[in-house]
There are 2 protein chains.
Amino acid sequence: MNRKEKVTIYDISKKLDISAATVSRALNQNPKISKKTRELVAKTAKEMNYKQNRLAQALKSGRTNNVGVIVPYINRSFFSSVIRGIEEELNPHGYHVIICQSHEEVKNEIKQLNALLNTQIDGIFMSVSKTTQNTDHVKKALAENTPLIFFDRKIETPGVSSVVLDDFKAGFMATEHLIQEGCKKIAHLSGDINLEIYKNRYEGYIAALEKYGLNHNPEHVILTNSKIESGQQAVVRLWECEEKPDAIFSAGDYAALGAIQELKRRNIKIPEEVCVVGFSNEPFTKYMELPITSMDQTPQLMGKIAAQVFLEQVKENLAVSIEKKVVLSPELFVRESSGRSILKTAANKALL
Amino acid sequence: MNRKEKVTIYDISKKLDISAATVSRALNQNPKISKKTRELVAKTAKEMNYKQNRLAQALKSGRTNNVGVIVPYINRSFFSSVIRGIEEELNPHGYHVIICQSHEEVKNEIKQLNALLNTQIDGIFMSVSKTTQNTDHVKKALAENTPLIFFDRKIETPGVSSVVLDDFKAGFMATEHLIQEGCKKIAHLSGDINLEIYKNRYEGYIAALEKYGLNHNPEHVILTNSKIESGQQAVVRLWECEEKPDAIFSAGDYAALGAIQELKRRNIKIPEEVCVVGFSNEPFTKYMELPITSMDQTPQLMGKIAAQVFLEQVKENLAVSIEKKVVLSPELFVRESSGRSILKTAANKALL
DNA sequence: TTGTATGCGTTATCAT
DNA sequence: ATGATAACGCATACAA
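All chains use their own residue numbering, which begins from 1 and follows the written sequence. Chain letters start at A and ligand numbers start at 1, both assigned in the order the entries are written. In keeping with the model being predicted, local features are shown solely for residues with a pLDDT of at least 70 and side-chain atom pairs are shown and tallied solely at 80 or more, while totals for entire chains, interfaces and linings include all residues. Based on all heavy atoms of the structure, the side-chain values leave hydrogens and waters out of the count.

> Looking at this structure, I do not really get the sheet that holds strand 11 (residues 325-328) of chain B. What am I missing?
By way of backbone hydrogen bonds, the strands of a sheet pair with one another, either parallel or antiparallel. All names here are of chain B. Read across the sheet, six strands follow the order 2-1-3-4-5-11 without closing on themselves; strand pairing throughout is parallel. Two strands bound the open sheet, and with one partner strand each, they are strand 2 (96-101) and strand 11. Sheet twist, expressed as the mean angle between neighbouring strand axes with direction ignored, is 15 degrees. Note on pairing: DSSP must find at least two bridges between two strands before they are called paired. Numbering of helices and strands runs from the N terminus; a helix is a DSSP stretch of H or I covering at least four residues, while a strand is a stretch of E covering at least two. Note: strand 1 (residues 66-71) against strand 3 (residues 123-126), four bridges, orientation parallel. Counterpart to Ile70 in the pairing with strand 3 is Met126. Each of strand 3 and strand 4 (148-151) touches helix 7 (residues 136-143); the most contacted strand, strand 4, lies at about 145 degrees to it. Interaxial angle, 0 to 180 degrees, is taken between N-to-C directions of lines fitted to C-alpha atoms, where a helix line uses only the stretch in contact. Any pair of residues with heavy atoms lying within 4.5 Å of one another is described as a contacting pair.

Okay, here's the thing in C-alpha cells:
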C-alpha cells in the first residue's frame with residue numbers, strides 16, 4: 001500500500017454500472033450524454049473525490065496544458081513581473097505555468113529545457129542566460145514542434161518568435177535625457193555585449209552621443225555585471241581617467257546603485273556633479289533615499305504579449321510555424337539621481 | 001501533421017529489429033542486457049534524437065519526479081532563496097521543481113494545489129498565503145498520499161511536516177537587541193496575526209519587554225502589511241500617540257523601510273533618536289544609504305532542510321507518514337539603523 | 001539475455 | 001445515448 005490509491009473513471013463506472021467511456025464523456029460535457037447520466041456522474045465523481053489524472057489525459061491527447069518559463073533568476077523584479085504577465089494571460093485558457101531558473105548558466109538552461117521537453121510541455125518562454133552562446137538546444141525544441149518564444153534576451157534563431165524591448169531606443173533615450181540635463185561627458189556601464197540587449201543599449205548610447213555631437217571616449221565604457229560591486233569598481237576605474245565623467249548611464253539598476261554608493265563615498269554630489277541613470281526600474285530604485293532614474297521595460301506587458309503570441313501559435317495548429325517579432329517601447333522614469341530640474345522639490349522632501 | 005512526431009522506443013526497436021522491451025531495458029541500464037545491445041541502443045537513440053516521454057513513464061510508475069512549490073510571491077528574496085535551496089538539494093536526486101505563486105490569495109493557492117495534484121506531483125512544498133484560514137485543501141493532498149511540507153508559514157495540520165523559523169525567538173532577540181541599545185519605548189509593526197509567524201514574532205516581542213521590565217503600550221503595536229506605505233502610515237499613527245516610541249521593531253523589511261522614510265521626513269534621527277529593526281534580511285536592507293538592521297531567516301538552509309525532509313519521507317515508502325517538525329534559529333544582522341555602537345565608523349563611511 | 005503480453009488512466013473510434 | 005475496444009509510450013512480470 002505504498003502507492004497512492006486514486007479514484008479513476010473505472011471506479012465510477014463500476015459503481016454506477018455504466019461504461020467508463022460514458023463516464024469520460026459525461027465528465028467532458030459531451031452533448032450526446034443524457035442530462036440525467038451527466039448529472040449522476042458529476043455527483044458521484046464529487047462524492048468519490050475523483051480527480052482527473054492529467055498525466056493520462058496528456059499522454060492520450062498529446063497536450064499537457066502546461067507551459068514552461070526559463071529565466072536566469074526569478075527574484076529579479078523584471079523577470080517575476082514578466083512571469084506574472086504570462087500567468088495572467090494564460091491561466092484563463094487553462095494553462096499552468098512551470099517556472100525554471102538557469103542561474104545564468106547555459107548548462108542549467110539546457111537541463112531545464114530538456115526536462116521541460118521531456119514532461120511534454122505545450123510551449124516554452126525563455127530569456128537566455130548570459131553564458132548562452134548559441135541556440136542549438138533551442139533548435140531541438142523546434143525540431144519537436146514545441147512552440148518557443150524568446151522574451152527580452154533573445155538570440156536570433158529562425159522560426160522563433162520573440163517579444164523584446166527596443167533596447168537601442170532605450171539606450172538612446174537614457175543618454176539623450178542626460179544630455180538634456182546638461183551632461184557632456186557621459187560614461188556607460190555596459191552589460192555583457194554577448195547579449196543583444198546590452199549591445200543595443202550600448203549602440204543607442206553611442207548614437208545619442210553622435211546625434212548631439214558629443215565625442216565618445218572609449219575609456220568611459222566599462223563592462224559590468226548585475227552586481228552592486230561591479231558598479232562601485234566601475235566608478236573607481238572611471239575616476240582614474242584623465243577626463244572624469246559628468247554622468248553615468250548604467251545598463252542595469254544594481255550597477256547604477258553601486259556606482260552611486262561609490263560616488264557618495266567620494267563625496268561627489270548627485271545629480272549636481274554627476275547624473276546617474278539605471279535600467280530596469282527595479283522597485284528599489286524608487287524608494288532609495290536618492291531615488292534613481294531608471295528605464296522601465298514594461299515587463300508585465302511583455303509577458304502578456306509573449307503569452308498572446310503563444311496562443312496564436314497553438315491556435316493555428318498547422319505545421320506552419322509563424323514567426324512573430326514584437327518590439328516594445330521603453331519608458332524613462334526620471335528621478336532625483338538625474339533630475340536636476342526636479343531637484344529643489346526633491347530636496348524639500350528628502351531633507352538630507 | 002499538426003501533432004508532434006516523437007521518436008519512441010518502438011521506432012528504435014524496429015530499426016534495430018529487437019523488441020521494445022529490450023530497448024527500454026537497455027535505456028534504463030538494466031544489467032541483464034548485454035553491453036553490446038546496450039551501447040547499440042544508446043547510440044541509435046541519440047542518432048534518432050530519442051527523448052524519453054516522462055508522461056508515459058510517470059503514468060506507468062506512478063512517480064513524476066516533479067515536486068511543486070507554492071509560495072505567495074516568487075520575487076521576494078526570502079522565497080526565492082528557499083526555492084533555490086530546495087532546487088539544490090533535489091536536483092541531484094533527479095527531481096524537477098515546479099514553482100507556483102498564490103499572490104497571497106487562498107483561491108489561487110487552492111487552484112495551484114489542485115493543478116499540481118492533477119499533474120501527479122511527487123510532493124509539495126508550501127508556504128501558506130495570508131488569506132488562508134484553514135487547511136482543508138491541504139488535507140486533500142494528504143488524502144491522496146502526496147507528501148506535503150510546510151515551510152516558514154504553516155497552519156498546524158496533523159500529518160504535515162514543517163520547517164520553520166523560531167519566530168518567537170526572533171521577536172525576542174530583535175526586541176532584546178533594541179533594549180540593549182538603550183531603547184525603552186519599543187513599538188512593534190506587526191504582520192497579520194492570522195499567520196503563526198507574525199503571532200510568534202509579536203509574542204517574542206512581548207516576552208522580551210516583560211523580561212526586562214518594560215511596560216507594554218498597546219498603542220505601540222500597529223498592524224502592517226508588507227508594503228512600504230503601511231510602514232509610513234504606522235509611523236504617522238505612532239507619532240500621534242501621547243508617548244512617542246524610541247524604537248521600532250518591524251515584522252517585515254518593507255514596513256521597516258517605510259517607517260524609516262517617514263521618520264526621515266519628520267527629521268527624526270536614526271538611530272540616535274529612534275532605532276529600527278526589520279525582518280527577513282532582504283538584500284536592499286544592506287545596501288540602503290542607511291543600512292537596516294534585520295533578522296535573517298536562513299532561507300536557503302530552510303529550503304535545503306525541507307527538501308531533506310521530503311526525501312526521507314519518500315524513501316520510507318510506507319503508509320506511515322512521518323511527521324517532522326524542524327525549527328531553525330534566526331540570526332540578527334545589526335546595521336546602522338539600530339547600531340548606535342557602530343555609528344561612528346558608519347558615519348565615516350556614509351558621509352551624510 | 002531477450003521477447004511477449006499487459007496495464008497505467010484517458011479518450012476516440014466504431015459499434016449498437 | 002451508450003458500450004466495447006484500441007491506443008497514447010513506457011516498464012515489467014512472466015516466458016523462453
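The discussion continues.
> Please explain the interface of chain A and chain B as it appears in this structure.
Counting residues at the interface gives 61 residues for chain A and 61 residues for chain B. Here's the idea: put two parts together, see how much 1.4 Å probe accessible area each one loses, and the total over both is what we call buried area. Summed over both partners, the interface of chain A with chain B comes to about 5,700 Å²; 52% of that surface belongs to carbon and sulfur atoms. We define a salt bridge as a contact between a side-chain nitrogen of Lys or Arg and a carboxyl oxygen of Asp or Glu at a distance within 4 Å. Taken together, chain A and chain B are joined by three salt bridges. Between Lys264 of chain B and Glu289 of chain A there is a salt bridge; the shortest N-O distance is 2.2 Å. For this analysis, a polar contact is any N or O atom pair within 3.5 Å, provided that within protein one partner can donate a hydrogen and the other can accept it, and provided that sequence-adjacent residues contribute only side-chain to side-chain pairs. At the surface where chain A touches chain B, the tally comes to 15 residue pairs in polar contact (both at pLDDT 80 or more). For the side of chain A that touches chain B, the elements supplying multiple residues, two or more each, are helix 4 (54-61), helix 5 (77-90), strand 2 (96-101), helix 6 (106-118), helix 11 (253-265) and helix 12 (283-287) of chain A. Of the residues assigned to the side of chain A that touches chain B, the class counts are 25 nonpolar, 22 polar and 14 charged. Basically, the charged four are Asp, Glu, Lys and Arg, the nonpolar ten are Ala, Val, Leu, Ile, Met, Phe, Trp, Tyr, Cys and Pro, and anything else, Gly included, counts as polar.

> Any chance you could explain the relation of the copies chain A and chain B here in plain terms?
Overlaying chain A on chain B yields an RMSD of 0.1 Å, the required transformation being a rotation through 180 degrees with an accompanying axial translation of 0.1 Å. Seen this way, the second copy is the image of the first under a two-fold rotation axis. Of the C-alpha atoms belonging to chain A, the one lying closest to the rotation axis is found on Asn75 of chain A, 2.1 Å away. When the interface residues of chain A are mapped onto chain B, 100% of them again lie at the interface, so the same face is used by both copies. Least-squares superposition of the copies uses the C-alpha atoms of those residues scoring a pLDDT of at least 70 in each of them.

> Is there a simple way to think about the protein's contact with DNA strand C in this case?
With respect to spatial proximity, 25 residues lie near DNA strand C, and among them Tyr50 and Lys60 of chain A together with Thr22, Arg25 and Lys60 of chain B are the closest. Think of it this way: one heavy atom of a residue within 4 Å of a molecule or strand is enough to make that residue near it. The share of sugar and phosphate among atoms of DNA strand C within 4 Å of the protein is 62%. For DNA strand C, a sugar or linking oxygen lies 2.9 Å from a polar atom in the backbone of Lys32 of chain B. Here a phosphate oxygen of DNA strand C and a backbone polar atom of Ser34 of chain B are 3.0 Å apart. Of all elements in the fold, only helix 1 (9-16), helix 2 (20-27) and helix 4 of chain A together with helix 2 (20-27) and helix 4 (54-61) of chain B reach the threshold of two or more residues within the surface near DNA strand C. Across the surface near DNA strand C, the residue classes tally to nine nonpolar, 10 polar and six charged.

> Sorry if this is basic, but what is going on with the domain arrangement of chain A here?
Examined at the domain level, chain A breaks down into domain 1 (9-52), domain 2 (66-165 + 299-329) and domain 3 (167-297 + 333-351). Residue ranges assigned to the domains are those given by an automatic or database domain assignment. The C-alpha centroid of domain 2 of chain A is placed 37 Å from the C-alpha centroid of domain 1 of chain A.

> Would you mind going over the environment of Phe249 of chain B with me for this structure?
All names here are of chain B. You can see Phe249 is positioned in strand 8 (residues 247-250). Between the C-alpha atoms of Phe249 and Val277, which are 28 residues apart in sequence, the distance is 4.9 Å. Non-local contacts of Phe249, meaning those with residues more than four positions away in its chain, are made with Gly171, Ala174, Thr175, Leu178, Ile186, Ala187, His188, Leu189, Arg201, Tyr205, Val277 and Phe279.

> Got a minute to help me understand the protein's contact with DNA strand D in this structure?
Around DNA strand D sit 24 residues in total, of which Ser19, Thr22 and Arg25 of chain A together with Ile9 and Tyr50 of chain B are the nearest. At a separation of 2.6 Å, a base nitrogen of DNA strand D approaches a polar side-chain atom of Arg25 of chain A. Asn28 of chain B places a side-chain nitrogen or oxygen 3.2 Å from a phosphate oxygen of DNA strand D. Elements that contribute at least two residues to the surface near DNA strand D include exactly helix 2 and helix 4 of chain A together with helix 2 and helix 4 of chain B. Among the residues forming the surface near DNA strand D, the class breakdown is eight nonpolar, 10 polar and six charged.

> So what exactly am I meant to see when it comes to helix 4 of chain B here?
In an α-helix, one turn spans 3.6 residues, which is why side chains three or four residues apart end up on the same side. Summary of the burial criterion: residues with accessible area below 20% of their type's maximum are buried, those above 50% are exposed, and those between are partly exposed, where the area comes from a 1.4 Å probe applied to protein chains only. Among the residues of helix 4 of chain B, Arg54, Leu55 and Ala58 of chain B are the ones counted as buried. Axial view of helix 4 of chain B: buried residues confined to an arc of 105 degrees, hence all on one face. Against the buried residues of helix 4 of chain B lie helix 4 and helix 6 of chain A together with strand 1 of chain B. Here helix 4 of chain B starts with a cap whose side-chain oxygen sits 2.8 Å from the backbone nitrogen of Leu55 of chain B, and that cap is Asn53 of chain B. The directions from the helix axis to the C-beta atoms are what the arc is built from.

> Sorry if this is basic, but what is going on with the state of the cysteines here?
Pairs of cysteine sulfur atoms within 2.5 Å are identified as disulfides in what follows. Inspection of the entire model under this criterion finds zero disulfides over all chains. Here Cys241 of chain A is not disulfide-linked; the sulfur of Cys183 of chain A is the nearest cysteine sulfur, at 16 Å. The exposure class of Cys241 of chain A is buried, given its relative accessible area of 7%. With no disulfide of its own, Cys183 of chain B has Cys275 of chain B as its nearest cysteine by sulfur position, at a separation of 3.8 Å.

> What should I look at first to understand the packing of helix 8 (residues 167-180) of chain B against helix 9 (residues 196-211) of chain B in this one?
For any two helices packed against each other, one specifies the inter-axial angle together with the distance between the axes. Residues and elements named next belong to chain B. Taken N-terminus to C-terminus, the directions of helix 8 and helix 9 make an angle of 40 degrees; their axes are 6 Å apart at the nearest point. Judged on the interaxial angle alone, helix 9 and helix 8 are oblique. Taken as a pair, helix 8 and helix 9 cross one another with a handedness that is right-handed. When helix 8 is examined against helix 9, the residues Asp167, Phe168, Gly171, Phe172, Thr175, Glu176 and Ile179 are found in contact with a partner set consisting of Ile197, Asn200, Arg201, Glu203, Gly204, Tyr205, Ala207, Ala208, Leu209 and Lys211. A per-class count over the contact of helix 8 with helix 9 returns eight nonpolar, four polar and five charged. In these notes the angle categories are as follows: under 35 degrees is roughly parallel, over 145 is roughly antiparallel, 65 to 115 is roughly perpendicular, and the rest is oblique. Working rule for handedness: look at the near helix, and if it is turned counterclockwise from the far one by less than a right angle, call the crossing left-handed; if clockwise, right-handed.

> Just to check I follow, could you spell out helix 1 (residues 9-16) of chain B for this structure?
Of the residues that open helix 1 of chain B, the one with a side-chain oxygen 3.0 Å from the backbone nitrogen of Tyr10 of chain B is Thr8 of chain B. Asp17 of chain B, located one to two residues past helix 1 of chain B, shows a positive phi value of around 55 degrees.

> Please explain the sheet that holds strand 7 (residues 221-223) of chain B as it appears in this structure.
Residues and elements named next belong to chain B. Read across the sheet, six strands follow the order 7-6-8-9-10-12 without closing on themselves; strand pairing throughout is mixed. In this open sheet, the two strands that pair with only one neighbour each are strand 7 and strand 12 (331-333). Across the sheet, the axes of successive neighbouring strands diverge by a mean angle of 20 degrees, strand direction being ignored. Sitting on the sheet, helix 9 touches strand 6 (186-190), strand 7, strand 8 and strand 9 (275-279), and the angle it makes with strand 6 is about 170 degrees.

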